[in-house]
Amino acid sequence: MKTMIDVRHLNLEFGEGEKRNQVLCDVNFSVAAGEIYGLVGESGSGKTTVLKCLAGLFTHWQGELAIDGKPLEHNIGHGRCRMVQMVFQDPYGSLHPRHTIGDILEEPLQIHGMNDRDRRINTLLDKVGLNRAFRDRYPHQLSGGQRQRVAIARALILEPQVLLLDEPTSALDVSVQAEILNLLADLQQEAKLTYLMVTHDLGVIAHLCQTVAVMQYGKILETLTVDALVNGEAQTDYTRMLVNASQQYSREMAREVAVY
Ligand SMILES: Nc1ncnc2c1ncn2[C@@H]1O[C@H](COP(=O)(O)OP(=O)(O)O)[C@@H](O)[C@H]1O
Ligand SMILES: [Mg+2]
């Protein structure tokens, strides 16, 4: 199958001298076209940093990154924006507060000199379950779920093949999380998109992903199919611990729900 995201020997450090901090250490993985690939690991293990390297938000990495067979430059060019876009965890911080939703969606189209903007914006608002009435609203007039729908629409407006999703539902109310995950699944199916998705929720992994990479301390500990993960075939203690912790959590949740 065609490889859509290829990460080879990715290294990245922050700071110099005594403050030097190696955040990514020889990260390697690849994602097939049309796949939903999960990235899990404890806080601070480097998940967001991997996505930011691919999105061009960090440029001082070393190694080889490629999207759809095309090597990525260190600086972010217009071509990259058309291929890969990122959706952030926090829909409150990621939308400009003084821009209307219409402006937010129009800006990338303007920058890239795309025509037919009205039609593209309205079509996409429909696709993410909003409508054109939202064009004149400001982010603070929207719920968290609606904001994340706008952030997803903004990420898709240039019709990229790849979405990098950084815990896209973890800032949302539980009741809204499933809606947004279903929307992401529908959009992926419809356009045969490739997703690289960071999540701490193994339920989300089991439900949406085909393959998962487990990170710890800036390294990939193992990559495994979700079938293997669910069947208890993880190779490392750390992954088994993550699975146990999430099962424990589900049991505790179930108990709490039963108590109330
Ligand atoms: N801009 C930055 N400057 C310095 N250190 C950073 C920066 N961004 C991330 N880090 C460090 O990189 C490590 C990995 O962070 P991150 O990728 O955000 O982890 P995760 O998303 O897995 O929680 C952390 O130790 C964090 O402090
Ligand atoms: Mg993170």
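Our structure's up above, just so we're on the same page.
Definitions and limits used
Residues numbered from 1 in each chain as written. Chains lettered and ligands numbered in written order. Predicted model: local features only at pLDDT ≥ 70, side-chain atom pairs only at ≥ 80, totals over all residues. Heavy atoms only, no water. Pairing = 2+ DSSP bridges. Helix = DSSP H or I, 4+ residues; strand = E, 2+ residues; numbered from the N terminus. Contact = heavy atoms within 4.5 Å. Axes fitted to C-alpha atoms, helices over the stretch in contact; angles between N-to-C directions. Near = heavy atom within 4 Å. Polar contact = N/O pair within 3.5 Å; in protein donor to acceptor, adjacent residues only side chain to side chain. Nonpolar A, V, L, I, M, F, W, Y, C, P; charged D, E, K, R; others polar. Buried < 20%, exposed > 50% of the residue type's maximum accessible area, 1.4 Å probe, protein only. Phe/Tyr/Trp six-rings, centres within 6.5 Å; stacked < 30°, edge-to-face > 60°. Lys NZ or Arg CZ within 6 Å of the ring centre and 35° of its normal.

Take the sheet that holds strand β2 (residues 21–32) next. The strand order across the open sheet formed by four strands is β2-β1-β4-β5, and the pairing between neighbours is antiparallel. Sheet topology places β2 and β5 (70–71) at the edges, where each strand pairs with a single neighbour. With two bridges connecting them, strand β4 (residues 62–67) and β5 associate as antiparallel partners. If you follow I67 over to β5, its bridge partner there is K70. Contacting β1 (3–14), β2 and β4, helix α1 (residues 47–55) crosses the sheet at an angle of about 70 degrees to β2.

The full set of residues close to ligand 1 is F14, V23, E42, S43, G44, S45, G46, K47, T48, T49 and F58. In the environment of ligand 1, an oxygen atom lies 3.0 Å from a nitrogen or oxygen atom belonging to the backbone of G46. In the model, an oxygen atom of ligand 1 is placed 2.8 Å from a nitrogen or oxygen of the T48 side chain. The element contributing the most residues to the shell around ligand 1 is α1, with three residues. When grouped by side-chain class, the residues that make up the shell around ligand 1 number three nonpolar, six polar and two charged.

In this structure, E159 is a non-glycine residue whose phi angle is positive, near 55 degrees. Here E159 shows up in the loop between α5 (144–156) and β7 (162–166). A relative accessible area of 57% means that E159 is categorised as exposed. Positive phi is not limited to glycine here, since K192 has a value of about 50 degrees.

Glancing now at the side chain of Q85. Relative to the helices and strands, Q85 resides in strand β6 (residues 84–87). Non-local contacts of Q85, meaning those with residues more than four positions away in its chain, are made with A155, L158, P160, V162, L163 and L164.

Another point: the packing of aromatic side chains. For the coordinates displayed, the defined rule picks out two aromatic pairs. Measuring from ring centre to ring centre gives 5.3 Å for F14 and F58, while their planes differ by 75 degrees; the resulting arrangement is edge-to-face. Separated by 44 residues along the polypeptide, F14 in strand β1 and F58 in the loop between α1 and β4 bring together distant segments of the chain. Assessed through its relative accessible area of 31%, F14 is described here as partly exposed. Judged by centre distance (5.5 Å) and plane angle (20 degrees), the ring pair of F29 and Y37 falls under stacked. Assigned by exposure class, F29 and Y37 land together as buried. Looking at R137, its charged tip hangs above the ring of F134, at a distance of 4.2 Å from the centre.

Those residues of helix α3 (residues 101–111) lying buried are I101, G102, I104, L105, P108 and L109. If you follow the buried residues of α3, they end up packed against α4 (117–127) and α5. Residue G113 follows α3 closely and has a positive phi angle near 60 degrees.

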